[in-house]
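Secondary and tertiary structure notes
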Amino acid sequence: MSDTIKFTIDGKECTGKKGQLLVDAAAENGVYIPVLCHWKDVKPAGSCRICTVKVNNRYVTACTLPIDENCGDVENNTPELQDIRKAIVEMLFVEGNHFCPACEKSGDCDLQALGYKYQMMVPRFPYAFERRELDAKSPKIFLEKNRCIFCKRCIRMIKDEKGRSYFAFKGRGKHLEISMDEKLAANISDELAQEAMDICPVGAILKKEVGFINPIGKRKYDNEPIGSDIEKSK
Amino acid sequence: MSKPIIATASLAGCFGCHMSLLDIDDRILKLIELVEFNKSPIDDIKTFTKQCDIGLIEGGCCNTENIEVLKEFRKHCKILISVGECAIMGGLPAMRNGIPVKECLDEAYLDGPTVGENKEKIMPNDEELPIITDKVYPLHEIVKVDYYLPGCPPSADLLWEALVALVTGKELEIPYELIKFD
Amino acid sequence: MEEKIKSIIKTSGNSPDRLMDILLSVQKEFRCVPEEAVSLIASALGISEADVNQTKTFYHFFSSKPVGKYAVYLNNAAVSGMMGMAEVADEFEKQAGIKFGETTPDGLISLDYTACIGMSDQEPAALINSVVFTELTREKVKEIVAGMKEGKTVESMVPEYGDGNNAHPLVKSMVKNNIRKAGPVCLGDYDAGKTLSKALSMNPKDVISEVQKSNLRGRGGAGFPTGLKWLFCSQESGERYVICNADEGEPGTFKDRVLLTERAKMIFEGMTIAGWAIGAKEGIVYLRYEYDYLLKFLNSILDEMREKNMLGKNIMGKGFDYDIRIQSGAGAYVCGEESALIESTEGKRGEPRNRPPFPTQSGYNEKPTIINNVETFCSAVKIVEKGGEWFSNMGTEESSGTKLLSISGDCKQPGVYEVEWGMTIKEMLDMVDATDVQAVQVAGPSGVCVPPSQFSRKIAIEDLATGGSMIVVGKQRDLIKDIVLNFMEFFEDESCGSCITCRSFNMILRRMVEKIVEGRGIKPDLDNMVQWGEIMRNTSRCGLGQTSANPVSTTISNFRELYESKVKDVDFQSDFDMKKAIIESCEAVGRPPVVHE
């Protein structure tokens with residue numbers, strides 16, 4: 001078949017379909033490339049940069065790269081890339097306010113899980129302690145802006161029947177924050193609110209009224225590192 | 001050879017990390033064989049009586065007393081370890097960071113729903129009291145810290161493994177389940 | 001208000017992709033974009049209010065609260081600072097009785113800072129309601145503010161008009177061209193329409209191959225071969241677009257402003273030739289808001305060209321339909337990045353896109369699009385007129401032709417120079433009469449800070465590439481404070497924020513530079529900054545993040561001794577300041593801020 005692409009990741013031989021995003025192709029071959037903003041079959045944002053790999057000696061995000069004949073040898077788990085990813089996790093921990101012990105998403109949080117994966121003991125960067133507000137105006141959702149990591153999943157995925165976004169960015173640069181459309185969010189359905197919480201990789205979007213459903217020990221990342229499911233699949 | 005000496009303290013913390021240390025259960029007997037405790041709530045020694053090898057500190061710095069104790073620990077301990085989230089990043093007390101300290105004090109002593117009667121609008125200001133700092137500081141922003149043990153609290157197993165590795169000089173291998181931020 | 005806003009929406013085309021125009025008109029009308037307007041716009045365009053706010057809050061010149069009747073935007077770029085901005089700012093505050101960031105209670109005057117407005121050769125400069133005021137002094141500020149209090153129009157406060165088209169009835173600006181050296185390509189002889197007529201009689205493929213033969217490379221700074229870009233786009237199918245990037249926001253560059261003033265027809269002619277070459281029917285000029293004072297004039301030139309059948313239907317009787325419109329920006333440096341520029345042109349936040357696909361494959365409205373710099377289009381005109389070989393005979397092997405340099409800072413002859421590529425920095429400094437030079441900032445903040453030991457290096461894409469910004473830094477300057485810190489503050493403000501490494505590392509690095517400037521730095525900070533900058537370079541999505549550590553990394557590498565003289569040679573030093581930490585709480589509870597050690 002002509003649209004089958006052969007490539008390697010850290011020496012492991014992989015195959016994928018031409019045009020398929022590298023991160024998805026890797027997963028199908030049992031190789032975990034960490035992601036925070038990526039969501040399969042949704043237009044890539046390429047915003048969290050944690051999936052940075054090296055292709056032909058160039059840095060590129062695996063969530064935005066469609067594979068083709070030129071992919072060749074992909075570097076993924078090299079010490080250099082692991083350190084870059086660890087640095088990104090650490091950076092996210094200092095630029096936002098991530099108080100894990102107080103967060104409902106703790107144990108199910110992708111950012112925290114990457115902190116575990118890369119054994120972050122303390123961030124190498126100074127804490128910013130910039131305060132952002134908590135938006136609790138919606139009857140269904142808490143939007144805890146202190147925890148947002150700007151992955152844009154909610155912006156890209158949570159829309160009403162007319163295609164209007166419930167979530168959007170506000171400001172830019174250091175003033176950037178996630179915001180929720182007050183009018184639309186006043187009538188958001190339970191299902192959509194739940195979906196918003198589920199796709200949020202951190203604890204920025206929380207559904208009101210229910211909380212802490214999974215006991216400690218039974219949460220997503222209590223016993224196995226993030227990506228284990230992918231790595232075990234092949 | 002004399003046993004390594006350990007000192008511990010809880011600054012702006014909840015003593016949860018100390019509780020976790022007690023959670024090593026019967027291993028505490030082994031620990032006593034391995035080390036000697038100096039200044040610590042565990043043996044109730046209030047002041048340093050000698051130079052120590054290891055200082056374990058839980059809690060961040062939220063007032064002048066915390067800072068004084070921390071600096072004293074740095075002076076008296078060869079190795080200083082930040083134990084738990086509060087020591088590492090301020091933890092829950094640091095949720096006030098970014099809010100002006102006056103607002104926090106007003107909420108605590110004047111306006112908050114749990115204040116009760118405070119007709120004279122008294123704020124604690126006796127000179128004997130420690131002074132609240134503008135924010136809660138992680139320990140490593142005040143003094144040099146050598147190691148970090150995350151968790152809220154760090155599990156008893158993590159504390160045990162880390163201490164044993166440190167005093168016996170063994171390589172520390174931490175299983176996945178032991179490194180947690182909550 | 002409702003009627004007015006509805007009519008603005010209607011005039012602008014009632015479509016989400018014209019959101020920029022709608023917001024610009026609303027801002028102009030009401031001196032802000034109020035909540036009510038956001039609500040009306042959202043329901044008219046069928047998008048959420050959060051989406052309208054998403055665009056609104058991205059751009060510097062949109063505000064939620066009304067700016068003053070006289071809205072002062074003083075340039076706080078590094079060169080402005082070097083030329084005395086602090087004094088000017090102080091006088092504005094004194095005269096207006098408010099601080100920067102505030103509006104007078106009567107709503108008359110608002111004071112704000114803004115990033116480089118493209119007047120580096122005549123700083124300190126400010127925009128007041130889109131009117132440019134240059135070479136400001138305390139005296140001039142006094143007059144200006146007095147005029148405001150008398151209720152004079154801003155236009156009437158312009159003391160005298162500049163040279164060339166700056167004095168045109170539709171411009172009436174005090175801006176000076178300062179063309180110090182005209183070369184044979186952009187600022188030499190130009191006969192409007194002559195080359196267009198020649199191009200339209202050529203096969204489009206031949207036009208492209210002529211441009212390829214010239215080895216012309218993009219003049220915006222990235223230096224991509226222009227002919228190749230045109231070729232790629234021409235090979236795509238369906239509707240195609242030509243976009244002219246007139247968003248020169250790199251601090252220290254202003255040569256496109258001069259071309260827009262004096263060579264507007266040439267730019268439009270170049271865009272039309274490009275349209276013919278790639279098979280496009282529409283061209284768009286993305287004009288930075290700072291150059292809004294040229295908008296009426298530029299539109300009149302387009303009208304004139306339409307009248308002369310150089311634009312419109314069946315151009316010059318050659319059966320080619322093509323027209324150009326101008327899209328205004330609203331204050332965002334990152335929109336100079338081509339894919340961010342496209343997003344902005346579509347009415348969105350100016351957030352750079354992921355690549356692939358490249359704009360030549362999927363650009364404006366997801367159609368194949370070429371985006372070239374103002375100067376690139378001018379160069380293309382001359383290339384088609386005189387031949388690719390004529391052009392490639394000038395310059396160096398890899399950088400053919402001439403380059404417009406915007407030279408500013410500590411030199412006696414700041415202005416625009418059209419020179420052949422290959423000039424050394426030393427030759428350039430002689431040309432602009434600069435002495436006692438500490439450094440030359442080549443290509444703006446995102447470029448390289450070059451020390452005297454490297455002044456024999458050449459200005460060329462293969463050595464010191466530049467989009468045109470050249471800032472001369474004299475020995476009297478505090479390089480780290482006046483230049484590096486200013487640049488990092490700039491990047492911190494201008495990062496779109498969406499790619500998190502750029503967003504956070506700019507903040508982290510700015511804080512580190514500040515720490516060093518304040519004398520709190522330690523030696524390990526230097527290596528950390530270089531390493532962190534490297535991570536940002538390797539992981540950021542667009543050119544902004546990939547280059548914004550340059551002020552830090554190139555000065556640490558070229559001026560290390562300067563940094564070392566400012567940092568302590570220790571492994572650890574606490575940043576903690578006991579006095580600062582307790583003052584607030586002592587005040588709150590009423591006790592003396594005394595700590596007993």
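What counts, and where the lines are drawn
- Residues numbered from 1 in each chain as written.
- Chains lettered and ligands numbered in written order.
- Predicted model: local features only at pLDDT ≥ 70, side-chain atom pairs only at ≥ 80, totals over all residues.
- Heavy atoms only, no water.
- Axes fitted to C-alpha atoms, helices over the stretch in contact; angles between N-to-C directions.
- Helix = DSSP H or I, 4+ residues; strand = E, 2+ residues; numbered from the N terminus.
- Parallel < 35°, antiparallel > 145°, perpendicular 65-115°, else oblique.
- Contact = heavy atoms within 4.5 Å.
- Nonpolar A, V, L, I, M, F, W, Y, C, P; charged D, E, K, R; others polar.
- Core = buried A, V, L, I, M, F, W, Y, C linked by side-chain atoms within 4.5 Å.
- Buried < 20%, exposed > 50% of the residue type's maximum accessible area, 1.4 Å probe, protein only.
- Buried area = accessible area lost by both parts, 1.4 Å probe.
- Salt bridge = Lys/Arg side-chain N within 4 Å of Asp/Glu carboxyl O.
- Polar contact = N/O pair within 3.5 Å; in protein donor to acceptor, adjacent residues only side chain to side chain.
- Pairing = 2+ DSSP bridges.
- Disulfide = S-S within 2.5 Å.
- Domains from an automatic or database assignment.
- Phe/Tyr/Trp six-rings, centres within 6.5 Å; stacked < 30°, edge-to-face > 60°.
- Lys NZ or Arg CZ within 6 Å of the ring centre and 35° of its normal.

1. Regarding the packing of helix H18 (residues 479-494) of chain C against helix H22 (residues 550-558) of chain C
All names here are of chain C. One way to put it is that H18 packs onto H22 with a least axis distance of 9 Å and a crossing angle of 155°. Classified by the angle between their axes, H18 and H22 sit roughly antiparallel to one another. Along its contact with H18, which presents Leu479, Val484, Phe487, Met488 and Phe491, the element H22 presents Pro551, Val552 and Thr555. Tallied by class, residues from the contact of H18 with H22 come to 7 nonpolar, 1 polar and no charged.

2. Some details on the nonpolar core
Formed by 275 residues in total, the largest nonpolar core has its most connected members in A:Phe7, A:Leu22, A:Phe167, C:Ile41, C:Trp230, C:Phe268 and C:Met271. Setting aside its immediate chain neighbours within four residues, C:Trp230 contacts C:Val207, C:Ile208, C:Val211, C:Ala274, C:Ala277, C:Ile278, C:Ile370, C:Asn372, C:Phe377 and C:Ala380.

3. Here we look at the interface of chain A and chain B
At the junction of the two partners, chain A supplies 25 residues and chain B supplies 25 residues. Counting the surface lost from both chain A and chain B, the interface buries some 2300 Å², and carbon and sulfur atoms represent 67% of this. When the area that chain A buries against chain B is broken down by residue, the three leading residues are A:Tyr116, A:Met121 and A:Phe129, summing to 30%. At the boundary of chain A with chain B, the tally comes to 1 salt bridge. The salt bridge partner of B:Asp182 is A:Arg219, with a shortest N-O separation of 2.8 Å. Applying the counting criterion to the chain A and chain B interface returns 8 residue pairs in polar contact (both at pLDDT 80 or more).

4. Examining the side chain of C:Ser446
Residues and elements named next belong to chain C. Here Ser446 lies in the loop between strand E12 (437-442) and strand E13 (448-450). Residue Ser446 is classed as buried on the basis of its relative accessible area of 16%. What Ser446 contacts, discounting residues up to four positions off in sequence, is Glu250, Tyr333, Phe491, Thr547 and Asn550.

5. Observations regarding the interface of chain C and chain A
Contacts between the two partners involve 40 residues from chain C and, on the opposite side, 44 residues from chain A. Regarding the contact of chain C and chain A, the summed buried area is about 3500 Å², with carbon and sulfur atoms giving 54% of it. On the chain C side of the interface with chain A, the three residues burying the most area are C:Ile500, C:Arg503 and C:Asn538, jointly 18% of the side's total. The tally of links from chain C across to chain A stands at 7 salt bridges. The salt bridge involving A:Arg172 is made with C:Glu494; its shortest N-O contact spans 3.1 Å. Residue assignment for the side of chain C that touches chain A shows that the elements contributing at least two residues are helix H4 (49-56), H18, helix H19 (500-517) and helix H20 (523-539) of chain C. Element by element, the count of residues in the side of chain C that touches chain A is highest for H19(C), at 8 residues. Considered class by class, the residues forming the side of chain C that touches chain A number 14 nonpolar, 16 polar and 10 charged.

6. Structural notes on the pairing of strand E5 (residues 77-83) of chain B
Residue and element names in this part refer to chain B. Taking burial as the measure, the 7 residues of E5 include 5 buried ones, the bulk of the element. Relative to E5, strand E3 (residues 52-58) runs parallel, the two sharing 6 bridges. Across the sheet, Ile57 pairs through a bridge with Ser82, a residue of E5. With 3 bridges connecting them, E5 and strand E7 (residues 147-149) associate as parallel partners. When the bridges of E7 are listed, Ser82 appears paired with Tyr148.

7. Some remarks on the state of the cysteines
Structurally, a disulfide amounts to a covalent bond that connects the sulfur atoms of two cysteines. Residues and elements named next belong to chain A. Evaluated as defined, the whole model comprises 0 disulfides over all chains. In this model Cys51 remains outside any disulfide bridge; the closest cysteine sulfur is found in Cys63, 3.8 Å from its own. Cys200 takes part in no disulfide bond, and the closest cysteine sulfur, belonging to Cys151, lies 6.1 Å away. Given the relative accessible area of 8%, Cys200 is considered buried.

8. A look at the domain arrangement of chain A
Accessible area lost on assembly of the parts is the figure often given for the size of an interface. All names here are of chain A. For chain A, the assigned domains read domain 1 (4-76) and domain 2 (86-207). Just the C-alpha atoms count here: the centres of domain 1 and domain 2 sit 25 Å apart. Counting residues at the interface gives 15 residues for domain 1 and 17 residues for domain 2. Regarding the contact of domain 1 and domain 2, the summed buried area is about 1200 Å², with carbon and sulfur atoms giving 69% of it. For the domain 1 face of the interface with domain 2, the top three residues by lost area are Leu36, Trp39 and Ile50, together amounting to 47%. Linking domain 1 to domain 2 there are 0 salt bridges. Taken together, the links from domain 1 to domain 2 amount to 5 residue pairs in polar contact (both at pLDDT 80 or more). Classifying every residue of the side of domain 1 that touches domain 2 by side-chain character gives 11 nonpolar, 2 polar and 2 charged.

9. Overview of the packing of aromatic side chains
A complete count under the given rule lists 20 aromatic pairs over all chains for this structure. Here the aromatic rings of A:Tyr116 and B:Tyr176 are separated by 6.2 Å at their centres, their planes lie at 80°, and the arrangement is edge-to-face. Separated into two different chains, A:Tyr116 in helix H3 (residues 110-117) and B:Tyr176 in the segment after helix H6 (156-168) make up a pair that spans both. The class for A:Tyr116 is buried, based on a relative accessible area of 3%. Seen from their ring centres, C:Phe61 and C:Tyr73 are 4.8 Å apart, and the 70° between their planes marks the pair as edge-to-face. Taken as a pair, C:Phe61 in the loop between H4 and strand E1 (70-75) and C:Tyr73 in strand E1 lie far apart in primary sequence, 12 residues in all. In this structure, C:Phe61 and C:Tyr73 share a single accessibility class: buried. Taken together, the ring pairs connect A:Phe93, A:Tyr116, B:Tyr176 and B:Phe181 into an aromatic cluster. Note that A:Arg172 overlies the ring of C:Phe58, its terminal NZ or CZ placed 5.9 Å from the centroid.

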